[in-house]
Amino acid sequence: MRALLAAGGISLFISLLATPAFIALFRSLNWGQFIRDDGPEAHHTKRGTPTMGGIVILFAAVAGYFTAKLINGETPSASALLVLFMMVGLGLIGFIDDYLKVKNQRSLGLGGWAKIGGQGIVAVAFAVLALQFPDERGLTPASTSISLFRDLPVDLFFWGSFIGMALFIGWVYLLVASASNGVNIADGLDGLASGSLVISMGAYVVIGFWQFNQSCATVTQNLASCYQVRDPLDLAVVATAIVGACIGFLWWNTSPAQIFMGDTGSLALGGGLAALAIVSRTELLLVLIGGIFVIVTGSVVIQRVFFKLTKKRTGVGRRVFLMSPLHHHFELKGWAEITVVVRFWIIGALCVVSGVGLFYFEWIYGI
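Quick notes on the rules
Residues numbered from 1 in each chain as written. Predicted model: local features only at pLDDT ≥ 70, side-chain atom pairs only at ≥ 80, totals over all residues. Heavy atoms only, no water. Helix = DSSP H or I, 4+ residues; strand = E, 2+ residues; numbered from the N terminus. Buried < 20%, exposed > 50% of the residue type's maximum accessible area, 1.4 Å probe, protein only. Contact = heavy atoms within 4.5 Å. Areas by Shrake-Rupley, 256 points an atom, 1.4 Å probe, with all protein chains shown as cover. Core = buried A, V, L, I, M, F, W, Y, C linked by side-chain atoms within 4.5 Å. Salt bridge = Lys/Arg side-chain N within 4 Å of Asp/Glu carboxyl O. Polar contact = N/O pair within 3.5 Å; in protein donor to acceptor, adjacent residues only side chain to side chain.

Things to note about the overall build of the protein
Right, on to step 1. Secondary structure summary: the protein contains 12 helices and 2 strands in total.
Right, on to step 2. In the protein, the succession of α and β elements from N to C terminus is α-α-α-α-β-β-α-α-α-α-α-α-α-α.
Right, on to step 3. Looking at the protein as a whole, 53% of its 367 residues are labelled buried.
Right, on to step 4. Long-range contacts, defined as pairs at least 24 residues apart, comprise 75% of the intrachain contacts of the protein with a sequence gap of at least 6.
Right, on to step 5. Only carbon and sulfur atoms are counted for the fraction: they give 68% of the accessible area of the protein, which is about 16,300 Å².

Quick look at the nonpolar core
Right, on to step 1. Counting 96 residues, the largest nonpolar core has Val83, Phe126, Tyr204 and Leu269 as its most contacted members.
Right, on to step 2. Once residues lying within four places of it in the same chain are set aside, the contact partners of Phe126 are Leu82, Val83, Phe85, Met86, Val172, Ala275, Ile278 and Val279.

So, the pattern of salt bridges
Right, on to step 1. Within the structure shown, the criterion is met by 8 salt bridges.
Right, on to step 2. In this structure, Asp97 engages Lys101 in a salt bridge whose closest nitrogen and oxygen atoms are separated by 3.4 Å. Residue Asp97 and its partner Lys101 are both found in helix α3 (residues 78–104); the two are separated by 4 residues, about one turn of the helix. Both residues of the pair, Asp97 and Lys101, belong to the buried class.
Right, on to step 3. The network of salt bridges with common partners includes Asp97, Lys101, Lys115 and Asp263.

A few points about the environment of Leu197
Right, on to step 1. As for its position among the elements, Leu197 is in helix α6 (residues 192–213).
Right, on to step 2. Sequence separation between Leu197 and Ile247 is 50 residues, and the spatial gap between their C-alpha atoms is 9.1 Å.
Right, on to step 3. Leu197 has contacts with Val183, Gly202, Cys246, Met261, Leu269 and Phe293, leaving out every residue within four places of it along the chain.

Some words on the side chain of Ser194
Right, on to step 1. Inspection of the secondary structure puts Ser194 in helix α6.
Right, on to step 2. The exposure class of Ser194 is buried, given its relative accessible area of 0%.
Right, on to step 3. Side-chain polar atoms of Ser194 contact the side chain of Asn253, separated by 2.8 Å.
Right, on to step 4. Excluding residues that lie within four positions of it along the chain, Ser194 makes contacts with Cys246, Phe249, Leu250, Asn253 and Met261.

Some words on unusual backbone geometry
Right, on to step 1. A cis amide bond links Ser255 with the next residue in sequence, Pro256, at an omega value of -5 degrees.
Right, on to step 2. Here Pro256 lies in the loop between α7 (232–253) and α8 (262–279).
Right, on to step 3. One non-glycine residue, Asn30, adopts positive backbone phi at about 65 degrees.
Right, on to step 4. Its location among the elements puts Asn30 in the loop between α1 (2–28) and α2 (54–71).
Right, on to step 5. In this structure, Phe133 takes a positive phi of about 55 degrees despite not being glycine.
Right, on to step 6. Mapped onto the secondary structure, Phe133 falls in the loop between α4 (112–130) and β1 (145–147).

Coordinates in, geometry out; function isn't part of it.
Structure below.
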C-alpha cells in the first residue's frame, strides 16, 4: 500500500509542478500545435498551444514508479517494466510524429505506414519479452491464451509454437494499435483524453490490487477463483504512477488547455493501457475499460464506411455525423467544449464501472 501511495503522489507532484516549465520550454522552442483547416472553427484559436506534453506524463510516471520502488527497497518487476517499455517505445514514435508536425507546420507527421511499422516493432518486442522471465511459479508476464478475466480455453499455441507465436504477436499488435490509436483519436478536446485516461487507468489500480489479494500464491481454498497473474501488486503500483501523472497534467490540460499531450502522450498512454490489459489477463475486458475510446473510434469507422458506401451507390457520399470523431459532432451541434468533455468523462466512467463490476461479478460467481 505504501508503494501505491508513493508512486501516485510522486508522479502527481512531478507532473503538476514540472508541466509549467515544459510549457515555457516548448513555447521558446516554438513547439506549438498545428490546427487543421477542416476542423471546427472554434479550434483555430488553439493554434500555437504547446504540444508534446506527453513527455511530462512519461517522465512523471517513470520517475514516480522507480522512486516508489527505491523508497520501499523493492526490485521493479518484469511485468511493470514491460508496461513502461511499451509506453516509452510508443512515446518515442509519437514524439517523432509530433516533432515533424511542428517542424513542417502541417497536420501530417509520420506517414501512415511508418507509424504502423513503429507500433509493430514495439508490439513485437513487447510480445516476445512478455513470454520470458518466469517467476517461481513458472508464470510469465503475459499468457498465450486470450483472456477476459482470466485465461480462456483458447491457447494460441495449440497450433504449434511457430504459428502460435505468430498469432500471439498479431493479437498483441491488434490490442496495442487499437488502444493507442483510440486514445489518439479521442485527444481532440481539452482534457478529454487525459481525464478519460485517469478513469481507465484507475481501473487497473483496482484490478491489480484485487488480483494480488486473490492470488493463488496466497489462497489455499477455492482455487477456481484464483488469478494466475504475475506481479499483480506491482501492476497496481505502475498504474497508480500513470494515474498520478495524468492528474497532474490534466490540471494544465483542462479547458482552456495550456498544453496538449500530442501523439507523444496519446500513443504512449494508449499503449500502456493495452499493456496493462495484456499482463493482467483482462484483454477482452479492455473493450469496457476503454469504452469511451471504443466509442469515438467507432464513430470514425462508421462515418468513413457510410460515406464510401453511399458514394459508391449514389455517387455522392453522405455522412452519419456532422463531423467525426463523435466529440466534434456534438461541438457542431452547439454544445460547449467543456460540456462535451465532462459528459464524455461520465460515459467513460460508466463504462469503467461496468468493466470493474463485471470483473467483480466473475470473482464472486467464478464464471
